[in-house]
Amino acid sequence: MEFYDYRFMEIARPIIEHKEYQQMKYIKHHDESVYEHSVKVAYSSYQIAYKNNLDWVSTIRGALLHDFFLYKFKKSLSPRIITDSIKHAITHPLIALENSKKYFDLNDKEKNIIKGHMFPFGLPKSKEAWIVSYSDKYIATMEYYSNFKKITKRKIHAFNAD
Ligand SMILES: [Fe+2]
Ligand SMILES: [Fe+2]
């Protein structure tokens with residue numbers, strides 16, 4: 001478990017301890033769960049927003065909820081993979097927003113952070129929303145890379161064992 005500071009935790013706790021939000025621990029995403037991914041994106045976005053004197057409270061809340069879509073996106077190796085991925089990129093922010101509105105009271109900036117995070121499929125309308133969109137892409141790339149490394153290592157290990 002990484003260390004998250006008290007300021008972050010004070011804002012994050014009511015969301016991350018929510019029963020529905022906890023479901024994201026069981027949905028795999030890139031290298032880990034959607035829960036872990038979302039908390040990481042929220043913490044790195046918060047650090048940037050805080051250092052730049054921006055609205056770090058909305059940044060944390062919007063970032064935590066940016067992928068609150070509660071289902072596993074299944075990629076299949078078929079010709080549909082590209083259209084399916086684009087469809088998912090467009091629809092999951094809208095689903096995350098609907099889910100978030102069901103359980104939490106959100107301001108307009110938080111709603112746009114969620115809806116706009118998949119730029120260029122959505123449009124971030126504040127500095128905070130741009131920060132979350134950027135952090136999401138950066139962290140997702142790191143997670144894909146670490147997943148790729150694990151798979152490659154497993155394959156090399158299996159090959160050497162043969
Ligand atoms: Fe997303
Ligand atoms: Fe994400």
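Residues numbered from 1 in each chain as written. Chains lettered and ligands numbered in written order. Predicted model: local features only at pLDDT ≥ 70, side-chain atom pairs only at ≥ 80, totals over all residues. Heavy atoms only, no water.

### Looking at the coordination of the iron ion (ligand 1)
Rule in force here: Here a donor is an N, O or S atom found within 2.8 Å of the metal, or within 3.2 Å if the metal is Na, K or Ca; sites may look incomplete because water is not among the atoms. In DSSP terms, a helix is any run of H or I states spanning at least four residues, a strand is any run of E spanning at least two, and both are numbered starting from the N terminus. The classification of residues rests on relative accessible area computed with a 1.4 Å probe and restricted to protein chains. Under 20% of the type maximum is buried, over 50% is exposed, and intermediate values are partly exposed.
The protein atoms that coordinate the iron ion (ligand 1) are D67 (OD), H92 (NE2) and H117 (NE2), at distances of 2.1 to 2.2 Å. Written as a sequence motif, the donor residues of the iron ion (ligand 1) are D-x24-H-x24-H. Between the iron ion (ligand 1) and the iron ion (ligand 2), a spacing of 3.5 Å is present, and a bridge between the two is formed by D67. With H92 in helix α5 (residues 81-103) and H117 in the loop between α6 (108-116) and α7 (127-161), this residue pair connects regions lying 25 residues apart in the sequence. As far as the burial class goes, H92 and H117 line up, both buried.

### Section: the packing of helix α1 (residues 6-16) against helix α4 (residues 56-65)
Cut-off, in case you're wondering: Angular values range over 0 to 180 degrees, each being the angle between N-to-C directions of two axes fitted as lines to C-alpha atoms, with helices fitted over their stretch in contact. For any pair of crossing helices, the crossing counts as left-handed if the nearer helix is rotated counterclockwise from the farther one by less than a right angle, and right-handed if it is rotated clockwise. Residue contacts are counted whenever heavy atoms from the two residues lie within 4.5 Å of one another. Only Asp, Glu, Lys and Arg are considered charged, only Ala, Val, Leu, Ile, Met, Phe, Trp, Tyr, Cys and Pro nonpolar, and every remaining residue, Gly among them, polar.
Relative to each other, α1 and α4 sit at 40°, their axes nearing to 10 Å. Seen along the crossing, α1 lies across α4 with a hand that is right-handed. Packed against α1, whose contacting residues are R7, F8, I11, A12, I15 and I16, the element α4 presents W56, V57, I60, R61, L64 and L65 at the interface. Each residue belonging to the contact of α1 with α4 can be placed in one class, and the counts come to ten nonpolar, no polar and two charged.

### With respect to the environment of Y35
Note on placement: Y35 falls in helix α3 (residues 34-51). The exposure class assigned to Y35 is buried, which follows from its relative accessible area of 14%. Among residues more than four places away in sequence, those in contact with Y35 are I16, Y21, Q22, M24 and K25.

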